[in-house]
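Report on the structure
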Amino acid sequence: MRVAVLGGGLQGCTTALALADRGVEVVLFDRNEALLSRTAIANEGKIHLGYMYAADPTLATAKTMMAGALAFAPFFERHLGIAVDAHATSMPAAYVVHRDSQHDVDEASAYLATVHGLIREAAEGRRDDYFGLDITPLRRWSCSERDASFDADAAVAVFETPEVAINPVALAGAVRERIAGHPLIEVRLGATIRSACMDGDRATVEWDGLDGPSREGFDHAVNALWDGRLALDEKLGLRPSRPWIHRLKYGVSFTLPDGVERPQSATFISGPFGEVVSYPDRLTYLTWYPSCLRGYSSDLVPPNWQTHPDEPLHGEIVRDTFAALSEIVPSLGTIDPETLPDARVKGGVIVAWGKTDIYDPESELHQRYQIGVMSSGRYHSIDPGKLTMAPYFAEACASRICGEF
Ligand SMILES: Cc1cc2nc3c(=O)[nH]c(=O)nc-3n(C[C@H](O)[C@H](O)[C@H](O)COP(=O)(O)OP(=O)(O)OC[C@H]3O[C@@H](n4cnc5c(N)ncnc54)[C@H](O)[C@@H]3O)c2cc1C
């Protein structure tokens, strides 16, 4: 069997690996000059356990994320030989209830406790699967602990969670290397997918490559194009019947200067706030939604947004993000962002169902569980929703193609 996997982000690469592991020949297409050059490396690498989705009281989003999170490290152990506990994980995140949170402390605390109970249940009997880490009890910090790391006016309550991030750039390097040496995976770069269609029992793919336009038939085709996914689906008449939003979001990363203590990794809830992620090698990642969200589109194809902004936007995002987060994390205020030698701003598109932004507590954006593999005959379209989910859906798609269920 020969399968075309369209899109070489984390979803496409993991799907290629899952198929090849089952003996399937894969042709992996991407329009860029390297695999894993887009959204897959423009994020903070948080492997979500579901704590962030208090606005989905059905808990469906949290349960989906847990399933993905527990499948993440085992996937890379199986396919890349990276032991589950060998990833350089970030400091676990504290969940910090912001004074302007859409959910008050009691609501947030009840939600976090419920999610935590579900994680412990889900991890029962597979305790190493979340990066070999213990799912330690959820604990509310004392006031003095909070005051040592956060501004007491902004941080109303702080809860310690086991949730970590992995460095997506480091992971991308390992995935690229594995794919390059895989005898069953052929990579075609510089290939922009134009269309796909079903030709009898063949899935035919058309693309513009370095040598001009080409077409080829495959036994199956998998659409893993992320922000290009809806446009390709439409070519097969698969237009979603619900609204979607493409958002351009940036993040700031830098190496923490010598002498500055590592800030606590933190996620500020609930609403348009942000995150601090602190990695062991002092790589630090910051986002603040109002400063980092710079594009919003409900078009089928999002604009060709700039993922690496030039000045003055670069400097503006760095300054505004530091200024906003320093009000909650005072230690960040000791850093002058203008003097950081390696401050980087990188952005990517976030694709989600919904009509209104996260400022609206009722927005469908808060519900992230209607994602995954949609199949129409031999054409399969994967919406990962989050980086967290890519390995989980890769295995699901490969099992479906190979008729395992
Ligand atoms: C700022 C930011 C922070 C985020 N933080 C997190 C987080 O902490 N945790 C988490 O779980 N998720 C996070 N996400 C979401 C996560 O990054 C994405 O859900 C995930 O990376 C998308 O899947 P992908 O890696 O396959 O996408 P991509 O890497 O974008 O892969 C799609 C590929 O398709 C290619 N492509 C597109 N169109 C075409 C075409 N027509 N022809 C050929 N090739 C094409 C692109 O070149 C690209 O390589 C974040 C996203 C952003 C933007």
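Predicted model, so just to flag it, every value in this text is computed and none were measured. (Residues numbered from 1 in each chain as written. Predicted model: local features only at pLDDT ≥ 70, side-chain atom pairs only at ≥ 80, totals over all residues. Heavy atoms only, no water.)

Things to note about the overall build of the chain
In terms of helices and strands, the chain carries nine helices and 18 strands. Principal axes of the C-alpha set define a box for the chain whose edges measure 65 × 50 × 40 Å. Partitioning the contacts of the chain with sequence separation of at least 6, the portion at a separation of at least 24 is 72%. Carbon and sulfur atoms make up 50% of the accessible area of the chain, which amounts to about 16500 Å² in all. Taken together, the 37 basic and 55 acidic charged side chains of the chain have centroids lying 4 Å from each other. (Helix = DSSP H or I, 4+ residues; strand = E, 2+ residues; numbered from the N terminus. Contact = heavy atoms within 4.5 Å. Areas by Shrake-Rupley, 256 points an atom, 1.4 Å probe, with all protein chains shown as cover. Lys, Arg positive; Asp, Glu negative; His and termini not counted. Charge placed at Lys NZ, Arg CZ, Asp CG, Glu CD.)

Points about the sheet that holds strand β9 (residues 212-218)
The pairing of strands in a sheet happens through backbone hydrogen bonds and is either parallel or antiparallel. Read across the open sheet, the three strands follow the order β7-β8-β9; overall the sheet is antiparallel. The sheet is open, and its two borders are formed by β7 (192-199) and β9, each paired with just one other strand. Sheet twist, expressed as the average angle between the axes of neighbouring strands with direction ignored, equals 20°. In this sheet, β9 lies alongside strand β8 (residues 202-209) in antiparallel orientation, the contact comprising seven bridges. Note that in β9 the partner of glycine 209 across the bridge is glycine 212. (Pairing = 2+ DSSP bridges. Axes fitted to C-alpha atoms, helices over the stretch in contact; angles between N-to-C directions.)

Re the nonpolar core
In this structure, Leu10, Tyr130 and Val175 are the most contacted members of the largest nonpolar core, which totals 69 residues. Ranked by residues supplied to this core, first place goes to helix α2 (residues 60-80) with ten residues. Formed jointly, this core draws a minimum of three residues from each of two domains, domain 1 (2-40 + 171-242 + 371-401) and domain 2 (55-167 + 244-366). Excluding residues that lie within four positions of it along the chain, tyrosine 130 makes contacts with Ile47, Leu49, Ala69, Leu70, Ile135, Pro162, Glu163 and Val164. Within the second largest apolar cluster, 36 residues are counted, among which are Val260, Val276, Ile335 and Val351. (Core = buried A, V, L, I, M, F, W, Y, C linked by side-chain atoms within 4.5 Å. Buried < 20%, exposed > 50% of the residue type's maximum accessible area, 1.4 Å probe, protein only. Domains from an automatic or database assignment.)

Comments concerning the side chain of histidine 103
Relative to the helices and strands, histidine 103 resides in the loop between β3 (94-98) and α3 (105-122). Residues in contact with histidine 103, not counting those within four places in the same chain, are Ala54, Ala55, Val97, Ala108 and Ser270.

Considering the site of the ligand
The immediate surroundings of the ligand are formed by 32 residues, with Asp30, Thr39, Glu44, Lys46 and Thr388 found nearest. At 3.0 Å from an oxygen atom of the ligand is found a main-chain nitrogen or oxygen belonging to glutamine 11. With respect to the ligand, the backbone of lysine 46 contributes an N or O atom lying 2.8 Å from a nitrogen atom. Expressed as a share of its isolated accessible area of 1000 Å², the protein-covered part of the ligand is 98%. Breaking the shell around the ligand down by element, the ones donating at least two residues are α1 (10-21), β7 and β16 (344-353). For the shell around the ligand, a count of residues per class yields twelve nonpolar, 13 polar and seven charged. For the shell around the ligand, the domains that each give at least three residues are domain 1 (2-40 + 171-242 + 371-401) and domain 2 (55-167 + 244-366). (Near = heavy atom within 4 Å. Polar contact = N/O pair within 3.5 Å; in protein donor to acceptor, adjacent residues only side chain to side chain. Nonpolar A, V, L, I, M, F, W, Y, C, P; charged D, E, K, R; others polar.)

Some thoughts on the packing of aromatic side chains
Across all of its chains, the model carries twelve aromatic pairs by this definition. Look at phenylalanine 72 and phenylalanine 76: their rings are 5.1 Å apart centre to centre, the planes differ by 55°, and that puts the pair in the tilted class. One end of the pair is phenylalanine 72 and the other is phenylalanine 76, both in helix α2 and four residues apart, which spans about a single turn. Each residue in the set Phe72, Phe75, Phe76, Tyr130 and Phe131 is aromatic and connected to the rest through ring pairs, giving one cluster. (Phe/Tyr/Trp six-rings, centres within 6.5 Å; stacked < 30°, edge-to-face > 60°.)

Structural notes on the pairing of strand β10 (residues 220-223)
The side-chain alternation of β10 yields two buried faces, one formed by His220 and Val222 and the other by Ala221 and Asn223. Pairing between strand β1 (residues 2-6) and β10: four bridges, direction parallel. The partner of valine 5 across the bridge, within β10, is valine 222.

Some points on the packing of α2 against α3
Between α2 and α3, the least distance of the axes is 10 Å, while the angle of their chain directions is 40°. Taken as axis vectors, α2 and α3 run oblique relative to one another. Judged by the sense of rotation from one axis to the other, the crossing of α2 with α3 is right-handed. In this structure, α2 contributes Ala62, Lys63, Met66 and Leu70 to the contact, and α3 contributes Tyr111, Val115, Leu118, Ile119 and Ala122. The residue inventory of the contact of α2 with α3, partitioned by class, reads eight nonpolar, no polar and one charged. (Parallel < 35°, antiparallel > 145°, perpendicular 65-115°, else oblique. Left-handed = near helix turned anticlockwise from the far one by under 90°.)

Looking at helix α9 (residues 390-401)
Spanning twelve residues, α9 covers 16 Å between terminal C-alpha atoms, matching the ideal 16 Å at 1.5 Å per step. For α9, a buried count of nine out of twelve residues is recorded, marking the element as mostly surrounded by other parts of the structure. (Expected span 1.5 Å × (residues − 1).)

Structural notes on the domain arrangement of the chain
Parsing the chain into structural domains produces domain 1 (2-40 + 171-242 + 371-401) and domain 2 (55-167 + 244-366). Domain 1 and domain 2 are separated by 28 Å when their C-alpha centres are compared. Taken together, the contacts link 30 residues of domain 1 with 28 residues of domain 2. For the domain 1 and domain 2 pair, buried surface summed over both sides reaches about 2600 Å², with 71% attributable to carbon and sulfur atoms. (Buried area = accessible area lost by both parts, 1.4 Å probe.)

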